[in-house]
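# Per-entry structural report
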Amino acid sequence: MRLNADLDEPVIVHAARLDWTPSPAAGVDRRMLYREGGEVARATSIVRYASGSAFPQHAHDGGEEILVLEGVFQDEHANYPAGSYFRNPPGTAHSPAAAEGCTIFVRLWQHRRGDHAQIVCRPGEGQALPPRPGASAARLLFQDAAERVWFEEWSAGAEIMVENPQGLELLVVSGELHIDGEPCTALSWARLPAGRALSASVCPAGAQVWIKEGQLRHPEILPMPT
């Protein structure tokens, strides 16, 4: 499968409007935002776990990055409530589950060689950042020499500009905004190639957004298995 695989083209996907696609694990469904490959794929998805559902233990040879959107995501290491952000580097393994159900945003096979940072940011954790004009708060989740990941709270009615020298991804976690005039609500996902700044108008409810800045296809990205 090749879904939104041209990284030189801007894309906005409204995940809340997509149908759920079953995964190999009973009770675990997904909405695909970006995908290159088969069941093992370089992918960005919204994944929903029904109450009591689980995946068998498996390793993430290409790394995994997760933001918990609703409910409590679980594995043998910990419970991760909504608002948790964590990175499982290449070679790590776990047995994911959700006793009461949950929804997560997940990126697979998008780690780089040498990216071995295993981190967990609980809700509210992370370094406070100076908010940009139009934002009321910002919080750093992860940063290294190649990428930066953070949350921002955008104020109602604000006009927001996010510069984009390398490549940019944005997920609307809550609220509503317009990106270049296109309405985006919770679970809308945008990906912009380097050099294309993000221009957003925030609606009266305000918005919380997750943002990642970095090359969309880093030269050191781990190769997919053949």
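Throughout what follows, the structure given in this document is the object of discussion. (Residues numbered from 1 in each chain as written. Predicted model: local features only at pLDDT ≥ 70, side-chain atom pairs only at ≥ 80, totals over all residues. Heavy atoms only, no water.)

## What about the overall build of the protein chain?
Counting its secondary structure elements, the protein chain contains 0 helices and 22 strands. The dimensions of the protein chain, computed from C-alpha atoms along their principal axes, are 45 × 40 × 35 Å. Here the protein chain, with 226 residues, has 51% of them falling under the buried criterion. Counted over contacts in the protein chain with a minimum sequence separation of 6, partners at least 24 positions apart contribute 68%. As displayed, the protein chain offers around 9,900 Å² of accessible surface, 52% of which is attributable to carbon and sulfur atoms. Taking the 19 positively charged and 28 negatively charged side chains of the protein chain as two groups, their mean positions are separated by 3 Å. (Helix = DSSP H or I, 4+ residues; strand = E, 2+ residues; numbered from the N terminus. Buried < 20%, exposed > 50% of the residue type's maximum accessible area, 1.4 Å probe, protein only. Contact = heavy atoms within 4.5 Å. Areas by Shrake-Rupley, 256 points an atom, 1.4 Å probe, with all protein chains shown as cover. Lys, Arg positive; Asp, Glu negative; His and termini not counted. Charge placed at Lys NZ, Arg CZ, Asp CG, Glu CD.)

## A word on the environment of S201
Along the chain, S201 turns up in strand β22 (residues 198-214). Residues S201 and I179 lie 22 residues apart in sequence; the distance between their C-alpha atoms is 6.7 Å. In contact with S201, other than residues within four places in its own chain, are A158, E159, L177 and H178.

## Side note on the pattern of salt bridges
If charged atoms from side chains of opposite charge come close, those side chains can pair. In total, this model carries 17 salt bridges according to the counting rule given. Residue E36 is joined to R217 by a salt bridge in which the shortest nitrogen-to-oxygen separation is 2.5 Å. Taken as a pair, E36 in strand β4 (residues 28-37) and R217 in the segment after β22 lie far apart in primary sequence, 181 residues in all. Judged by its relative accessible area of 16%, E36 falls in the buried class. Bridged by salt links that share partners, the residues E65, R87, R107, R112, D115, D144, E147, E169 and K212 form one connected network. (Salt bridge = Lys/Arg side-chain N within 4 Å of Asp/Glu carboxyl O.)

## With respect to the packing of aromatic side chains
Inspection of every chain in the model, using the stated rule, returns 6 aromatic pairs. On the numbers, 4.4 Å between centres and 25° between planes, the contact of Y80 with F86 is stacked. Comparing Y80 with F86 shows no difference in burial state: the two are buried. Counting every residue linked through ring pairs, the aromatic cluster contains Y49, F55, F73, Y80 and F86. Its guanidinium or amino end placed over the ring of F142, R87 lies 3.8 Å from that ring's centre, counting from NZ or CZ. Taking NZ or CZ as reference, R148 lies 4.5 Å from the ring centre of W150, over its face. (Phe/Tyr/Trp six-rings, centres within 6.5 Å; stacked < 30°, edge-to-face > 60°. Lys NZ or Arg CZ within 6 Å of the ring centre and 35° of its normal.)

## Description of the side chain of E152
As for its placement among the helices and strands, E152 is situated in strand β17 (residues 147-154). In this structure the side chain of E152 is engaged in a polar contact, spanning 2.6 Å, whose partner is the side chain of W150. In this structure, E152 is in contact with R132, A135, A137, A138, A207, Q208, V209 and I211, ignoring residues within four places of it in sequence. (Polar contact = N/O pair within 3.5 Å; in protein donor to acceptor, adjacent residues only side chain to side chain.)

## Some details on unusual backbone geometry
Unusually for a residue other than glycine, W109 sits at a positive phi of about 55°. For W109, the position within the fold is in the loop between β13 (102-108) and β14 (119-121). We classify W109 as buried; its relative accessible area is 13%.

## Concerning the nonpolar core
By size, the foremost hydrophobic cluster in this structure holds 23 residues, and its most contacted members are W154, L170, L177, I179 and L198. Leaving out residues up to four positions away in the same chain, L177 has contacts with W154, V172, E182, P183, C184, A200, S201, V202, C203, A207 and V209. Of all hydrophobic cores here, the second largest spans 21 residues; its members include Y85, F105, F151 and L171. (Core = buried A, V, L, I, M, F, W, Y, C linked by side-chain atoms within 4.5 Å.)

## Topic: the state of the cysteines
Tallied over the entire structure, the rule returns 0 disulfides. The thiol of C121 is unpaired, and the distance to the nearest cysteine sulfur, on C102, comes to 18 Å. Accessibility expressed as a relative area gives 10% for C121, which makes it buried. Of all cysteine sulfurs, the one in C203 lies closest to C184, which takes part in no disulfide; the gap is 9.2 Å. (Disulfide = S-S within 2.5 Å.)

## Some details on the environment of A145
Turning to its location among the elements, A145 is positioned in the loop between β16 (135-143) and β17. Taking the C-alpha atoms as reference, A145 lies 9.3 Å from G214; in sequence the two are 69 residues apart.

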